Amino acid sequence: MTEEEAVQIAEYVAAACPAQKFGEFTPDVWGEILKPYAVDEARTAVIAVARRQPWISPAEIVEEIKTRREERIELAHVVYDGNPDETGAQSAASRRALIRAAADGHLPARTPAAALGTADRLALPPGEPGPYTNRVAAIRAAVGQATPTARDGVTNPRAISCRICQALPGASCNARGRRMRDVHPARLEDAKRRAANLPPVDPAEDRLAEDRVRAASAVLAADDRTVPPAPDTTEEPS
């Protein structure tokens, strides 16, 4: 939170609690206390506290923010399957990044089954390839910054979503409702391309490649059926 935003929060509290007095340096002090938090979180907390009581202190705003963040983390059921190439410290940092994304509201609320990849995913809005079903554009951009990415020289496919099974970042791929030991090849390929700073694979190109493979297989199968059998050159004993 910036100094200007701290002034906005103080004015917000003054409007919600007109009987509460503020001094000349109140916004400065509140700004120091609320600096670690986003202005939108603080504004929401002010309204929640003001509904319960006629006076609001910065400590009560902080407590309300922490309570709401803990609720988001609990509802997101954060699961990080890890990466065998990560060290223990890197794995812990990756999990903390996912927890922070959940606390910030960038991960949707989901059941434990969905978090573990054992439940069907909800349908996505048309034209949205990402794994999220609400606030897609904003969440997808935010999670891309908050979730762990592969360190230099190492590809981490679980740091990105899977375009095959829609597994969320940090979760294993699944097939027919069961968690897979390895990720889908397409997810691994996407991770390698991201680590190399290459653009993602165009789904249309993927489909064209699959069509070419199917067509070639069909031609080979047709040739096998049309080739006449070789003549029998075995001589009968006289």
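In what follows, the structure referred to is the one given above.
Residues numbered from 1 in each chain as written. Predicted model: local features only at pLDDT ≥ 70, side-chain atom pairs only at ≥ 80, totals over all residues. Heavy atoms only, no water.

A. Looking closely at helix H5 (residues 88-103). Taking 1.5 Å per residue, 16 residues should reach 22 Å; H5 reaches 23 Å between its end C-alpha atoms and fits that length. Residues of H5 that are buried include every one of Ser94, Ala97, Leu98, Ala101, Ala102 and Ala103, and no others. Positioned one or two residues after H5, glycine 105 has a phi angle of 90°, which is positive. (Helix = DSSP H or I, 4+ residues; strand = E, 2+ residues; numbered from the N terminus. Expected span 1.5 Å × (residues − 1). Buried < 20%, exposed > 50% of the residue type's maximum accessible area, 1.4 Å probe, protein only.)

B. Representation of the pattern of salt bridges within the structure. A full pass over the atoms with the stated rule returns nine salt bridges. The residue arginine 69 makes a salt bridge to glutamate 41 at a minimum N-O spacing of 2.9 Å. Here glutamate 41 lies in helix H3 (residues 39-50) and arginine 69 lies in helix H4 (residues 58-76), a separation of 28 residues in the sequence. There is no split in this pair, since arginine 69 and glutamate 41 are both buried. In this structure, glutamate 41 and arginine 72 form a salt bridge, with 3.5 Å as the shortest nitrogen-oxygen distance. In this pair, glutamate 41 sits in helix H3 while arginine 72 sits in helix H4, placing the two residues 31 residues apart along the sequence. Arginine 72 gets classed as partly exposed once you look at its relative accessible area, which sits at 29%. Because the salt bridges share partners, they merge into one network encompassing Glu41, Arg69, Arg72 and Asp104. (Salt bridge = Lys/Arg side-chain N within 4 Å of Asp/Glu carboxyl O.)

C. Here's a closer look at the packing of aromatic side chains. Applying the stated rule across the entire model yields one aromatic pair. Taking 5.7 Å as the distance between ring centres and 65° as the angle between the ring planes, the aromatic pair formed by phenylalanine 22 and tryptophan 30 counts as edge-to-face. Against the face of tyrosine 12 rests arginine 43, its NZ or CZ located 5.6 Å from the ring centre. (Phe/Tyr/Trp six-rings, centres within 6.5 Å; stacked < 30°, edge-to-face > 60°. Lys NZ or Arg CZ within 6 Å of the ring centre and 35° of its normal.)

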